[in-house]
Amino acid sequence: MRPGLTLFKTICFATTCLLCAFSCGDSGGDEPTPNVRLSASQTVFSFEAEADSQDFTFDAASRPNFVSDASWCIVKTSDYSISDHNGTATMSVTANSSTSSREASVTMRCGDEKISLTVSQAGIVVESTEPVTYNNTAWSQSEKLGLGWNMGNHFDAFYNYHTSDDPEKDLYDMPSETAWQGELCTQATFTRVKAAGFSSVRIPITWLRKIGSAPDYKIDENWMNRIYEVVGYAENAGLNVIINTHHDEDHGDGHWLNLAGAVTSEDVNTQVKAEITAVWTQIANKFKDKGDWLIFESFNELIAGSDWSLSSNAQKRCDIINQWNQTFVTTVRATGGNNNSRWLGVPTYAASPSYLDYFEVPSDPAKKTMVSVHFYDPYDYTIGAKQYSDWGHTGSSSNKVIGGDEDHVKDVFHKLNKKYIANNIPVYLGEFGCSMRAKSDTRAWKFFLYYLEYVVKAARSYGMPCFLWDNGASGSGQEQHGYINHGTGNYIGNSKEAVDVMVKARTDNSSGYTLDYVYNNAPKL
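Participant: Is there a simple way to think about the sheet that holds strand β7 (residues 102-110) in this case?
Facilitator: Hydrogen bonds between backbone groups are what pair the strands of a sheet, and the pairing can be parallel or antiparallel. With mixed pairing, 4 strands are arranged side by side in an open sheet as β2-β8-β7-β4. The open sheet has two edge strands with one neighbour each: β2 (44-47) and β4 (65-68). Between one strand axis and the next, the sheet turns through 20° on average, direction left out of account.

Participant: I'm lost on the packing of aromatic side chains in this one. Help?
Facilitator: Working definition: an aromatic ring pair is given by the centre-to-centre distance plus the angle between the planes. Applying the stated criterion across every chain, the model contains 25 aromatic pairs. An angle of 5° between the planes, with centres 6.1 Å apart, marks the rings of Phe58 and Tyr80 as stacked. Placement of Phe58 in strand β3 (residues 52-59) and of Tyr80 in strand β5 (residues 73-81) is noted, with a sequence separation of 22 residues between them. For the pair Phe58 and Tyr80, a shared accessibility class is recorded, and that class is buried. A ring pair is formed by Tyr228 and Phe287, whose centres lie 5.2 Å apart and whose planes are at 35°; its orientation type is tilted. Here Tyr228, found in helix α4 (residues 221-236), pairs with Phe287, found in the loop between α6 (266-286) and β14 (294-297); they are 59 residues apart in sequence, far enough to count as distant. Accessibility expressed as a relative area gives 32% for Tyr228, which makes it partly exposed. What links up through ring pairs into an aromatic cluster is the set Phe45, Phe56, Phe58, Phe66 and Tyr80. Directly above the ring of Tyr228 sits Lys286, whose terminal nitrogen or CZ lies 5.1 Å from the centroid.

Participant: Any chance you could explain unusual backbone geometry here in plain terms?
Facilitator: Peptide bonds are mostly trans, and most non-glycine residues show a negative phi. A cis amide bond links Ala214 to the next residue, Pro215, at an omega of 0°. Mapped onto the elements of the fold, Pro215 is located in the loop between β12 (200-203) and α4. Non-glycine residue Leu310 carries a positive phi angle of around 55°. Topologically, Leu310 is positioned in the loop between β14 and α7 (314-334). What makes Leu310 buried here is its relative accessible area of 8%. Of note, Ala350 is a non-glycine position whose phi angle comes to about 60°, a positive value. Looking at the element boundaries, Ala350 is found in the loop between β15 (344-347) and β16 (369-375). Overall, Ala350 belongs to the buried group, its relative accessible area being 9%.

Participant: Sorry, what's going on with the state of the cysteines here?
Facilitator: Working definition: the covalent bond between the sulfur atoms of two cysteines is a disulfide. Scanning the model with the defined rule gives 0 disulfides in all. There is no disulfide at Cys466, and the cysteine sulfur nearest it, in Cys434, is 14 Å away. For Cys466, a relative accessible area of 0% gives the class buried.

Participant: Any chance you could explain the sheet that holds strand β6 (residues 86-93) here in plain terms?
Facilitator: Pairing within the open sheet is antiparallel, and its 4 strands lie in the order β1-β3-β6-β5. Looking at which strands have only one partner, the edges of the open sheet turn out to be β1 (39-40) and β5. Pairing analysis gives 2 bridges linking β1 to β3, with the strands arranged antiparallel. Paired with Ser39 across the bridge in β3 is Asp59.

Definitions and limits used
- Residues numbered from 1 in each chain as written.
- Predicted model: local features only at pLDDT ≥ 70, side-chain atom pairs only at ≥ 80, totals over all residues.
- Heavy atoms only, no water.
- Pairing = 2+ DSSP bridges.
- Helix = DSSP H or I, 4+ residues; strand = E, 2+ residues; numbered from the N terminus.
- Axes fitted to C-alpha atoms, helices over the stretch in contact; angles between N-to-C directions.
- Phe/Tyr/Trp six-rings, centres within 6.5 Å; stacked < 30°, edge-to-face > 60°.
- Buried < 20%, exposed > 50% of the residue type's maximum accessible area, 1.4 Å probe, protein only.
- Lys NZ or Arg CZ within 6 Å of the ring centre and 35° of its normal.
- Disulfide = S-S within 2.5 Å.

As far as function goes, none of this settles anything; it's purely spatial.
Here it is in structure tokens:
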């Protein structure tokens, strides 16, 4: 045979194979094309908004090609049997970030045959964060407690310095009613708090060196009796009351509620739980005959050392808090009397609503345990250096914290509403507030009042009572949360205007006075 003819035949054969492969994937070489019709086990595909995939099978004379008209939808062949002329492919879609659904068409081709595959994907469902009202006990408890007031930095105050080498005279970690305040509280304090429009009070109490040594951990009688007397003042005024252990938590200062130590040492954890049991047995027995208007709150803001952000060992740390909360509930219920059915409050890590995923509501035979969280968002506006004058959607971006507006309030409160209140577990804001602005700064004052009004109105709309933080401080420092004089019950400075705004937000039942109304009447400067 002539060399030229041989070369021609070789080129021709190669060309034929390339054309066949191009038209329908893998060919069977020089074997004849089998009599196999192109088909797919599924031609219609439906997906939710999340990224997902579905496998399907097909028959084809050779490996087919897939062409999609949308970049978010692709098909890949995972296997193909040349001998059996069938295979498996995977239809994949990326996540749909839009609220609108979308459709695509994929052409499956083999030689002259083709099949159209139809693909649809739903859009994301944006969950409404609008308030939902529930006709249950959790909602009733919110209405009962209403707007509350914290007697902050009063019974939770303590001396933190050494006076001498004599332990009897040493004032380090020694609680005192006047350590951070100049006056003792009186019956008038609570009578006027009630008259101002508050329904409840939270009396934070530090115990520290008022607790004796192990194993009895005996509480100082004079301290306990004074607490009992002051709770009686609130009772006389017709107020609901919350008492707790406050500032006993270790924030890097060596206090006995040592979460960081308990995480690394089971011996420490066992010791702390023993002290919790002893302390709360004594408190519960002292108040066991008081009515359901009195609530016990286990702890204030438990954190590991100085880590407010739960940056490591999150599950372990919160597991310990869950254990301590359970110890508290079990201890109180064991004392009997009205403590069998008294409402109890328990906090999350740092009392923050950011850590609900790690939090467990304790087992409670009475099913009367409440979730305690604090709300100072955005922190740089409410407690920070007060460099921001504005808050909310009408505020100037250069004068406010970005990301902490009304939508953030609604999002946080909605999650609490859905997770707990919808399931008949009450939630309360044990603390909220904003450092006082000067009324002479008209702009800052208006936004300050608006913040308080919106948060209180939102709390009620989502079914949560809220307790204003009042540390009695005014005139200097970042945390100027002075509203009511703790000794007399009189207003501090211009605080009456702020209190009246909050009382209106909590108690005004007018049909037109809604959260949207408050929003639409934000300061316009």
